[in-house]
Amino acid sequence: MNRTKSKAFFTSNTMILVYVILAFSVVVALRQPAFLSPATPINLCRAGLFTFCFALCEMLVMITGGIDVSFPAIGCVSMYVPMVLYDRGILPDNGLYFVLVALLCGLIFGLLNGVLVSYLRIPSLIATLATSSIASGFLAFAFGVKDLTAMPTAFTKIYEMNLVTYTDPASGLSYPLTVLIFVPVVLAVVMALILRYTMGGRGLYAMGGNLSAARIVGFPVRRLQFTTYIVSGLITSLTAVMYVILMHNASTTALMGNEMLVIAACVVGGCSLSGGKGTIGGVLLGTLLITLVQNHLNMLGIDTRWQTLAVGIVLLFGVLMTSLQAGRGKGRV
Amino acid sequence: MGEVFVELKGIKKAYEGVYALKGIDLALRKGEIHCLAGGNGCGKSTLIKTISGVHEPTAGEIYIDGQQMNHMKPLDAIEKGIQVIYQDFAVFPNLTVAENIALNTEIKDRTKVVSYKRMRELAGKAMAQIGADLNPDARLEDLSVAGKQMVALCRAIINNPKLLILDEPTTALTAKEVQKLWGVLRNLREQNIAILLVDHKFDEIRPLVDRLTILRNGEFVSSGLISEYGHVRFQKDMTGHDFSTEKYRPEPSDEPILSVEHISSKGNYEDISFALSKGDVLGITGLLGSGRNEIAEALFGLCPAESGKIVLHGKEVKLKSIKDAVKHEIGFVPEDRLTEGLFTALPITDNTVASSLKKYVRAFGLKSFEMGENTKTWMKRLGVVAVSKDVPVSSLSGGNAQKVVLGKWLNTNPKLLVLVGPSVGMDVGAKAEIHAILRDLAQTGVGVVMVTDDLSELVENCNRILIVKDHKIIKSSDNSLSKKEIEALLMGSDQKEEEA
């Protein structure tokens, strides 16, 4: 019993993912010893921060059995609208107002997703695709394509707040780790607790596993689904604000095209496209792998133009892993 | 005799003016196992839904614990202690045993924060009550069908039901698992719970149930203690007519259809030879893993022969792939017809023409009128009961779905039809209809080969029988065998193995 249990652990998807990440890191480190510098984890955190936050939203939706492709567009609206308002002097120089407007944008489009999916019963892919088009169409129509850089002074202050800063002795370059890293950490912990220890959280898994059974058992299925899309919209807008702070920039298309990357991180991390599966830890590992591949392919001497291809291969690997695992489960019965 | 818990009087239920239930009386007593039987579409499911408050009856009265229920909703039924275990069990494959069992109770108790310890305790208690032994932390997707069913039972038991309803609980169980389930149900009967069981396999229910009620076409046919029923009465009440268990004996014919000579496929079957003449129905039986299915699959190019030859209508044919088989006009009805033989979400028409689409191709598009007409013809000839040719196959009962699979192949005018488990999961009436169709087909010159576990089916319908054991034919007969003899042949060699 114990042996099979530990065997199951070492051959679980999560562990395979860990092996892949380690293997990739070892290969990179062998070719480029610079990989072992403390700058690497700091870079990874910076680069993976947005992906991870978006992946958390995506995971929530995927657990319920849906898929969300609207977060890049919702994110763009949530960063650009307050940015424009601030730029035109409508919003005062107060970070809080900025955040509130951003959250409002996230809420509105989250609501739209929620209504479309839970109450109008439109398949989530189509519904969020529609929301995405509406959001980005609205941006293009209302504001054009101008990049904006002016932001509240509070944001600049936050930008300068770092947990640690590593200065590379050789090059003199400094690598700061932003305090904003706490946002995804807190989000992840809270989410993990909610998913594991509240009835609502279990309800999300239940409806992803068997929607009609969840209804029979007595879960408020529609309300849970609705809430998921709203929460997802809110987290998305919060992430968009962080993007503005860290990138000093907002554009109407800044986040577009991120959806495949994020879905890849989730799927590789063990979320099932058919719902009912997904853990914070898995998504974290998935994000790590995707970010590693994205940021360090060039260290292996591979042209950055191969990035998209590489992400595609990683995604394929993730899907393959789950389907193989499913096949194995079947064979056991 | 226990007191009456649920009583139905003159229950009628109409859907759009059509009566699915035409005045049913039923009394369910505490501490009694009551079986509801009837052919496909007899109204069993509607009746269950009426008792559980899912459907409100059009007319009639429902009494629970002596109290008349009006406008009963599912929640009212649950509060009264009625628990239904549906055919698909309504479990969560991605959650653990403990969660599956306890979630319902947790929701009822308005729990906000989940305690896994409490859930495990609840689950443990429920499992102890029915004598199930499952790992509370195992995921449901890793359990067998029987395991999932036990979880569904536990979840029902945890609510202290007074009436437990099980909708066709044995369809996906092995004989051994059925025995275990029966043990559990007997135990629950001891605890003074009323049990209503939907099942139409007489041999299976006879040792278990106390009382039997038979419905047909929404009408009450008979009800009584199980001891008042025998095979003949059961079949007669189920189907409305006497079944002569007359064996199929065609006129001998010397018009050969198929001749299989010494075909082998390593690890699947060895040196198989048989012949089929016009009018013959050939049956192949054997234990699971004996190679019986592979022989049938050889005829459809699924498990091609590596040596030997197959002669169809005087010409040697090579059957290396399904394409070859289709080219030589061979039809194949798989055992798992719902997933392998049908497009369940598509209408009957699309399914019927699926294997013969070529017939309907014209310059642009398909001849849809002809497709519809041919479908209607087959539906009529095979007796498919459906609202129209345009309803999805998923809305049909098992027997009707099987007829659609048959129709699909018959529409290709096959020379040879190979069937695996032609009547698995069907009720007596539907079985008899399928058998009659197969006999007719054989008479018109279609070669019929069936693989079956059902020895009655084999003996009554096949005038030629092959018994396969360890990938070889151990007995070939022109039906001088009885069920007992076949059993002995199958088991006899088994015992030898055990001794060795």
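Residues numbered from 1 in each chain as written. Chains lettered and ligands numbered in written order. Predicted model: local features only at pLDDT ≥ 70, side-chain atom pairs only at ≥ 80, totals over all residues. Heavy atoms only, no water.

**Q** Explain the confidence of the model for chain A to me, and be specific about the residues and the numbers.
**A** Residue-level pLDDT values for chain A average 88, and 95% of them are 70 or greater. The low-confidence segment residues 329-333 of chain A, where pLDDT is below 50, has four contacts with residues more than four positions distant or belonging to other chains. (pLDDT = per-residue confidence, 0-100. Contact = heavy atoms within 4.5 Å.)

**Q** Can you lay out the sheet that holds strand β4 (residues 59-64) of chain B for me, pointing to particular residues and giving the numbers?
**A** Strand pairing in a sheet takes place through backbone hydrogen bonds and is either antiparallel or parallel in direction. Residues and elements named next belong to chain B. The four strands lie next to each other as β2-β1-β4-β5, forming an open sheet whose pairing is antiparallel. Every other strand in the sheet has two partners, leaving β2 (18-29) and β5 (67-69) as the edge strands with one partner each. Ignoring which end each strand starts from, the neighbouring axes of this sheet average 25° apart. In this sheet, β5 lies alongside β4 in antiparallel orientation, the contact comprising three bridges. In the strand pairing of β5, Y63 is matched with Q68. Its contacts with the sheet put helix α1 (residues 44-51) on β1 (4-15), β2 and β4, and the angle it makes with β2 is roughly 60°. (Pairing = 2+ DSSP bridges. Helix = DSSP H or I, 4+ residues; strand = E, 2+ residues; numbered from the N terminus. Axes fitted to C-alpha atoms, helices over the stretch in contact; angles between N-to-C directions.)

**Q** Give a description of the pattern of salt bridges that names residues and reports values.
**A** Residue and element names in this part refer to chain B. In this structure the tally under the stated criterion is 23 salt bridges over all chains. Here E433 and K403 are joined by a salt bridge, their closest N and O atoms 2.4 Å apart. Of this pair, E433 sits in helix α15 (residues 428-443) while K403 sits in helix α14 (residues 398-410), and the two are 30 residues apart along the sequence. Given the relative accessible area of 38%, E433 is considered partly exposed. The exposure class assigned to K403 is buried, which follows from its relative accessible area of 3%. (Salt bridge = Lys/Arg side-chain N within 4 Å of Asp/Glu carboxyl O. Buried < 20%, exposed > 50% of the residue type's maximum accessible area, 1.4 Å probe, protein only.)

**Q** Pulling in residues and values, what's your account of the nonpolar core?
**A** Formed by 152 residues in total, the largest nonpolar core has its most connected members in F219(A), L153(B), L164(B), L185(B), L188(B) and L212(B). If we skip the residues at most four places from it in the chain, L153(B) touches I85(B), I130(B), L164(B), L166(B), L181(B), V184(B) and L188(B). Judged by nonpolar contacts, the second largest core, of 70 residues, contains F274(B), L312(B), V317(B) and V418(B). (Core = buried A, V, L, I, M, F, W, Y, C linked by side-chain atoms within 4.5 Å.)

**Q** For the interface of chain A and chain B, give the residues involved together with the corresponding values.
**A** Frequently, the measure chosen for interface size is the accessible area that the parts lose on association. Taken together, the contacts link 20 residues of chain A with 22 residues of chain B. Carbon and sulfur atoms make up 62% of the surface buried where chain A meets chain B, a total of about 1,800 Å² over both sides. Summed over the three residues of chain A that lose the most area to chain B, namely M199(A), R202(A) and V217(A), the buried surface amounts to 33% of that side. With a closest N to O distance of 2.5 Å, E99(B) and R202(A) form a salt bridge. Those elements that provide at least two residues to the side of chain A that touches chain B are α8 (182-197), α9 (199-209) and α10 (211-217) of chain A. Each residue belonging to the side of chain A that touches chain B can be placed in one class, and the counts come to 11 nonpolar, five polar and four charged. (Buried area = accessible area lost by both parts, 1.4 Å probe. Nonpolar A, V, L, I, M, F, W, Y, C, P; charged D, E, K, R; others polar.)

**Q** Talk me through the packing of aromatic side chains; I want residue IDs and the actual numbers.
**A** Here a ring pair, both rings aromatic, is described through the centre-centre distance and the interplanar angle of the planes. All names here are of chain B. Scanning the entire structure with this criterion turns up 11 aromatic pairs over all chains. Ring plane angle 10° and centroid distance 4.9 Å describe the contact between F300 and F332, whose orientation is recorded as stacked. Pair noted here: F300 is in the loop between α9 (292-298) and β14 (307-312) and F332 is in strand β16 (residues 330-333), with a separation of 32 residues, a long-range link. Taking relative accessible area as the criterion, F332 reaches 7% and is therefore assigned buried. Residue placement shows R233 over the ring face of Y229; its charged tip is 4.0 Å from the ring centre. (Phe/Tyr/Trp six-rings, centres within 6.5 Å; stacked < 30°, edge-to-face > 60°. Lys NZ or Arg CZ within 6 Å of the ring centre and 35° of its normal.)

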